[in-house]
Every structure is written in C-alpha cells, then in structure tokens.
There are 2 protein chains.
Amino acid sequence: MISDFHPRKDNQTMRAGPSQEDIRRHNLGALLRHVHLGGPTSRAELTSKMGLNRSTIMALTSDLTAAGLVREELPRETGRAGRPSLVVRPESSRVYVFAFDVGPDRLAVARVGLGGTILDRREAVRRRGPFELEELAGMLAGFARQMRRKTRADTVCVGAAAAVSGGVRKGDGVIRFGPNLQAEEIPFGEELGRRLGLGLPVSVGNDANLAALAEHSRGVGVAVRDLIYLHGDVGIGGGIIAGGHLLGGHEGYGGEVGHMVVNPGGRVCGCGSRGCLEAEVGERALLEAAGKLGGGQHGRDAVRAVVDAADRGDIVAQEALKRVGDWLGLGVANLVNIFNPEMVIFGGMLREIYLGSAAQVRSRMALHAMAPQRERLRLRTSALADDATLVGAAELAFAHVLADPLEVLARVTG
Amino acid sequence: MISDFHPRKDNQTMRAGPSQEDIRRHNLGALLRHVHLGGPTSRAELTSKMGLNRSTIMALTSDLTAAGLVREELPRETGRAGRPSLVVRPESSRVYVFAFDVGPDRLAVARVGLGGTILDRREAVRRRGPFELEELAGMLAGFARQMRRKTRADTVCVGAAAAVSGGVRKGDGVIRFGPNLQAEEIPFGEELGRRLGLGLPVSVGNDANLAALAEHSRGVGVAVRDLIYLHGDVGIGGGIIAGGHLLGGHEGYGGEVGHMVVNPGGRVCGCGSRGCLEAEVGERALLEAAGKLGGGQHGRDAVRAVVDAADRGDIVAQEALKRVGDWLGLGVANLVNIFNPEMVIFGGMLREIYLGSAAQVRSRMALHAMAPQRERLRLRTSALADDATLVGAAELAFAHVLADPLEVLARVTG
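Since the structure is predicted, the reported quantities are computational estimates derived from the model, not experimental observations.

Right, let's talk about helix α9 (residues 299-311) of chain A for a bit. Residues and elements named next belong to chain A. With 13 residues, α9 extends 19 Å between its outermost C-alpha atoms, agreeing within 8% with the 18 Å of an ideal straight helix rising 1.5 Å per residue. Within α9, burial applies to G299, A302, V303, V306, V307, A309 and A310. Along the axis of α9, the buried positions cluster into a sector of 160°, meaning they face one direction only. Along α9, exposed side chains directed more than 90 degrees from the buried face belong to D301 and D311.

As structure tokens, then:
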C-alpha cells in the first residue's frame, strides 16, 4: 500500500484560489453539518473545532439563524464562572426532510428534523410480489402528505430521499435491479417526486449503501474511515466506506457483496448464479436449514424465531445457524482480505444472525482472514438497528442543504 | 449508490483559504505533473489544460526552468503560421529517481528520468528462499551505485522507492508479510535507504498496488477512475483504484484479492488457508495441473511454456489452463460484483494466463457477474507488461517532487 500517492487528485489545478463567496458557503455548510451531526454546540467549541476565529463563527451563525436553520440560546448550566458561550442548535422542529425506505417486507416514511431527529413516521407491511410503481409511490406520498398536514405553518421541507433494496444507477436514480423487490429499470425517484408534489427531486440510494453512511455519520462507525456494513434482509447487501468515501463503482453498483460466490455450485441465487453469499446466508437459507421454510413464515420475525430457538437449545436451529455462520464467516474473511477495514458492521437481519453465530463467524475468520488484516479488526452490530436505512436516506436528503445552506433554503421557501 | 454525499470530506474547514504560496506550490506541482505524465507540452496547451492565464504559466515555467526541472524549446515544426508556442519538456536526463522491484524470482533496479523514461537498468535472478535483508539491500544498492557512477555531474537523484511482493505497513514501509518472498516484519525501506547513502528515504509499496498506479498513470487505465489490476507472479496480488484513489485500507494491506477464498476446501495456500484465488490460479496450480511441477521448472518461463503448449494443441496444457481460467473467472466475477469497476487489467504472469484462457474467464463471468456490472466492463492486459511494478515504484519515488518541486529540489541539491 502507498500512503501518499494520488495521481489524479493533484491533477486538479487551483486557479486563483476559492473566492470569498466559496469560502463563506463552505463554512456555512461546515458549521451546519457540525450541529446537524454533533448536536447543540457552543460558539466557543465551534471556534476551536472549526479552526475559525470568534467573529467568523458569529457571522456564520448569524446568517444561519436569519435563514431559520439554527438558533442560539443560553446553555442550561455551565458550572463555570464568567459569561457563558451561546449554544448553537439546529432548528430540528422547523427544518426537515422526508426519508423513505422500500424493503422487501416493509415500507417506511419518516419526517426527520435537521439534527437527525425522527419527528414522525409511518410504516406499512409490503407484501412480497412484483414492484407496482404507481401504487407504491402513491402510498408513500400519501403517508408524507398525512405527516405534512400535521406540521406547523412555519416548517419547511428541504429535501427527500429514498433507500431501496436494489441497485440504483448513478445519475438518474433508476432502480436498475432489485430481485428481492422484483424490480427492474424502475424510475422510482422521478415518480415519487411527482407524487410528492413538493417541487423537490427525490434522491435514491441502495439501502445497504445508505445504512453504511448512516452508521458512519451517526452510528457505530463514526470516525472510522474504512468500514464494511453488511445488511441482511431477504438478501445480503453491502455498503463500503474506503478511505472515508462510499465505494460507488463506475456506475453506482459498488458494494454488491451479496453476490460474491462463496460456495461454488451451492444454492441457487435470485441473481441466477449459485452459491452467492446471499444464497448461503440469506433468510431463505437459514429458514430452510432450520426446517421452517413454507407455512407462510418469513421475514425478520421468522429469523428471530430461529435465533431464539437456538438460544433455548433447539439443536436443529443451532445447526442451521452454524451452517449459515460458516458461510458468513468465509464471506467476511474474503472482504477483510480485500479491503483491510477497521470495522465490519452487521445490520438488518444479519444483526441477529451474527449474534447467534459469532463463534462460528470468528472461527472461520481465523481460518481464512490473514493475520495482519484480522488483528485489529472490530466486528460490531449496527447501532441504528432497523432505522439505519431510513436514517441513511435522511442524510442523503440533507446532503444538498449541507452543501449550500442558504441557496437551498432560499429555493424551497422561494 | 449515492453520487454526491461525502460526510467526511466536507467536515474539513477552509480557514481563510489557501495562501498565495500554497497556490504557487500546488500549481508548480500540477504543471510539472502535466509534462511528467503527458510529455512535452506547449505553453499554449498548458494554458488551456490548466485553466491558468499565460502570464501565470510563464512564471511557473520560468521557476521550474531555473530549478532545472524543465526546459523550454522551440517546437520542431508547427505547420502553422505565426509565432510558435514554446514547448515545455521535463529534464528527463538530468532529474531522476531510483526504482527497485523485489519479486520472488527477479530483482530489478532502474534509473528513471522525470517524464518516466527508463534511462538505465539492472536485473538479477533471485533464487527462491528466505529473505536475506542485508544481502539483498546490499546488492540493490550496489546496482544503483554502478548506475550512478555513469551519470554526468549535473544529474540529480530526487527520490527512491521499491515495489515488493508482500504486504507493506502504512507509515513505516515495513514488509509485514510476504509469503512468496519468505519475508515477515522486514524493515526494508530503512535498510535500503541506509545502504544507498543518498540521504533520501526509500518509500516501499506492494507491487500490485504500484503496478495498478502505473497502469492508471501511464498504461491502459489512464483516465479510468474505477479499475482492478490483478498481478500474477508466484502468487496473485491486486491493486484497486476506486473513485480515482488507490484502496489502501486501514493499515495499508488493502487489495489482497489473492486470498479471497474461491474454492472452499480447495488447494492449500501459502497463507495457511485453503482454496484462495492464489492457490487455485497461481503458478503452482497451473504447473501442477499441466504435469510440469518439479523438475526444477518454475517462474514466468515455465508458465509461458504451458500457454504455448496449449496453443499448439497439447490437451493436458489446455485442460490445465481451462481449470485455472475457471477459478480466475469466478474470482474476477466476485470482484466485479463487489467493486463495479470500469476495467479489469491482467498483469504479470496473469497476462499470459488470461490470454490463454479468455474464453473460460468470460464464460465464468457470464455465470457469476451481475449483468449491470458486466455489460460495460472492459477486460484488458497490462500495457506496461513486466515493467509495471518498476514504473509504479518510480511514480511513487516521484510523488514527493511533484507535490512540492522547488522544496524537494532545494533539499537534494542543497
């Protein structure tokens, strides 16, 4: 590995340097991001954390306050003598985004305030079957409208984004493939935006990618620059943060670790191949090994039931978890060799599966992951649990306002 | 995938903006990089490519000329009327680096001029066996000294770097593991730097990582932001460029794709695991399948002999290549699903193996790689061939001077 050689980065040329306006816009975004991710922060802390002087912080805060994005108040109790530094808080109840989550079994919509607070939410069960774009977008937009009706007149929606269980094409937000949603070439963002009628584009991202960003921004992976998030649902998805950036790939389909073949000639996978990680570790593999397939049982509850049964000493359930844990451990070992991450995070259904098979996973890792890659690796479960995808969608929706706060706010309040 | 959301990047704060001195240093490096990678370039082209005005280009060129890093001359023939624009050339014969390559079977040292020309080189066969640090470093430094004695008095060495077949720890350049070199915890860069006695540190990088950078800078992968380079030697190494940056991982061991298990329970691997890509596709697997193991045959020539025999219709050799091509195709399909690259490059011994088994590789890819990831993927062989690792080491050695041309030059000539 080479630490300091980036042939492309330095190809860019600094012309005359950024303008005062560029710097101001950047700093407004950076300050807003600080309080959005870090919560209420005193001016004194912002001064030291951002490396700017007090008068600049005051000017930035005053601009953001005037735009209604933050407010300043006296801290509750400082315990110190002297004049207390004002605390800058995000206007969480006033400025919000809509976050959508479309999984194989669940639809969720949340109204998420600046700062990351889920202010309101609706969920619905999704019946497995073909992806009905108009019906689905109509239902999600309807939930959003219901929530919007309950808001005060001075609230403002600054963005919208959706997490979907499938591969999303870079650029146009089309769901290119989603075997577990039975979706292919679906212009989902466009249709949902139209139905919402807020005059806002709806960004769309792969659910595991967005959950990875959520854990990286607000969960167990904060400040971890190299991490792999594995999301279990019906299938297995992945979100990879490498050197602090989400690995997107050439066309946006990076991170499809569920379709790494771990068992050549193994179980048939929904993608048409055999022995994919998803085929050996996904819901169907576990339920079948536990003798629980058919009879209408599926989804998270059915998986939990197997893990609980194993906990209570059910030998068939234990063997099923052991089998699945073996393949999971092999898959994780492969990824650890390839990426040398600092942390692997198990999310979605894989939280339960990992907790029920951790010994198996670790013993496979010891066999197949190289010692230097394994020694300092941390294996963790998702901190945001079932909200990871929704929180990730909210962060995607906030991205624009954090990049250019005043411009976006002027546009939406127009 | 999400195109425009980078939570960490924007955390950085622009203070008052870069100083005039920062901008000048950056632009000097950018101009030097242009002619280093692009060759002689007219002032007019630099003006348009770098987006700077003519007087700035003239001032930068004049500083670099004064430092002896570039020179300006009249173009040979413009074919156009009017005063021709001066051409800026790198001082290739005056300013150079030493590049070293330590492979399982080959030691190479090159004196590489600014602009990437190999001015002089020495090679030696390395006998397989334990890594003898002092002997090896002594021999490499001796080669460098021989070459140095032949240079004119006004030449200047501005850097040195080595490519090694092993995992290199970020920060200190220690070879942490290198089963095919029989190396473990070897402070190679430090020892080689001491032996060279040039007062220059020797940077060290993994050979496949450096070859990936070489192909990205000067080979078949120029302007390709997402690529996977696979290097075959005794083992299989990988170098991954994701979003324009080399994937290093948390501690520098990223890209060890050779230790992805493709055949659980398969052939024993040097790393202690079984069924790794390296164990199923590496030199030993091919020679054994072809009935050529033992009898003292090994290395690139033995591999070429198998590919040639298959070409001539030898059925055993054809079956051996087919078997190896199957596993190679499966491994590449996995990587394509995980990374969604634009290009996969086969280098080292894998050039021959891929060319001899391309049909097999492609048929495996069709089975196991997802269509959206596969449709626009380009499979290529290394353009730099056996020089890729050495060229990559040279680029690593030039990195410092391209980051801050005048400072580095003042230091080495001072």
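Residue and element names in this part refer to chain A. A positive phi angle is found at Q182, which is not glycine, with a value near 50°. The topology assignment puts Q182 in the loop between β9 (175-178) and β10 (183-186). Despite not being glycine, A385 shows a phi value in the positive range, around 50°. Residue position: A385 is located in the loop between β16 (378-381) and α13 (388-403). Of the residues examined, A385 reaches a relative accessible area of 24% and is grouped as partly exposed.

Let us look at the domain arrangement of chain A. All names here are of chain A. Each domain of chain A was delimited in the assignment, giving domain 1 (22-74 + 85-90), domain 2 (95-210 + 389-413) and domain 3 (223-382). Distance from the C-alpha centre of domain 2 to the C-alpha centre of domain 3: 27 Å. At the junction of the two partners, domain 2 supplies 16 residues and domain 3 supplies 21 residues. Between domain 2 and domain 3 the total buried area reaches about 1400 Å² when both faces are included, carbon and sulfur atoms providing 52% of it. Considering only the side of domain 2, the residues that lose the most area to domain 3 are R128, A208 and N209, jointly responsible for 37% of the buried surface there.

Check the buried side of helix α9 (residues 299-311) of chain B and you find it contacts α8 (283-289), α10 (315-339) and α11 (349-368) of chain B. A positive backbone phi angle near 100° is found at G313 of chain B, which sits one or two residues after α9 of chain B.

Looking at the element boundaries, G329 of chain B is found in helix α10. For the pair G329 of chain B and R194 of chain B, spaced 135 residues apart in sequence, the C-alpha separation works out to 43 Å.

The next thing to look at is the environment of S217 of chain A. Within the element layout of this structure, S217 of chain A appears in helix α6 (residues 207-218). Sequence separation between S217 of chain A and V306 of chain A is 89 residues; the distance between their C-alpha atoms is 32 Å.

Read from one edge to the other, the open sheet built from three strands follows the order β8-β9-β10 (chain B), with strand pairing classed as antiparallel. The outermost strands of the open sheet, each flanked by one partner alone, are β8 (167-168) and β10 (183-186) of chain B.

Below, the discussion takes up the environment of G82 of chain B. Residues and elements named next belong to chain B. As for its placement among the helices and strands, G82 is situated in the loop between β2 (70-73) and β3 (87-90). Given the relative accessible area of 60%, G82 is considered exposed. Linking G82 and L181, residues 99 residues apart in sequence, is a C-alpha distance of 59 Å.

Rules used in this analysis
As a convention, each chain's residues are numbered from 1 in the sequence order in which they are written. As a convention, the first chain written is A and the first ligand written is 1, with the rest following in written order. It should be noted that, the model being predicted, local features are given only for residues of pLDDT at least 70 and side-chain atom pairs only at 80 or more, the latter also being counted only at that level, while totals for whole chains, interfaces and linings use all residues. Neither water nor hydrogens contribute to the side-chain values; these are computed over all heavy atoms in the structure. Per the convention used, a helix needs a DSSP run of H or I reaching at least four residues, while a strand needs a run of E reaching at least two, with both numbered from the N terminus. Expected helix span is computed as 1.5 Å times (number of residues minus one). Categorising residues by exposure relies on relative accessible area from a 1.4 Å probe, with only protein chains included: less than 20% of the type maximum marks a residue as buried, more than 50% marks it as exposed, and the intermediate range marks it as partly exposed. What the arc measures is the spread of directions leading from the helix axis to the C-beta atoms. Start and end positions for the domains come from either an automated domain assignment or a database one. Contacts are residue-level and defined by heavy atoms, with any inter-residue pair within 4.5 Å sufficient. Summed over both partners, the accessible area (1.4 Å probe) lost when two parts come together is defined as the buried area. Paired strands, as defined in this entry, are two strands with at least two bridges between them according to DSSP.

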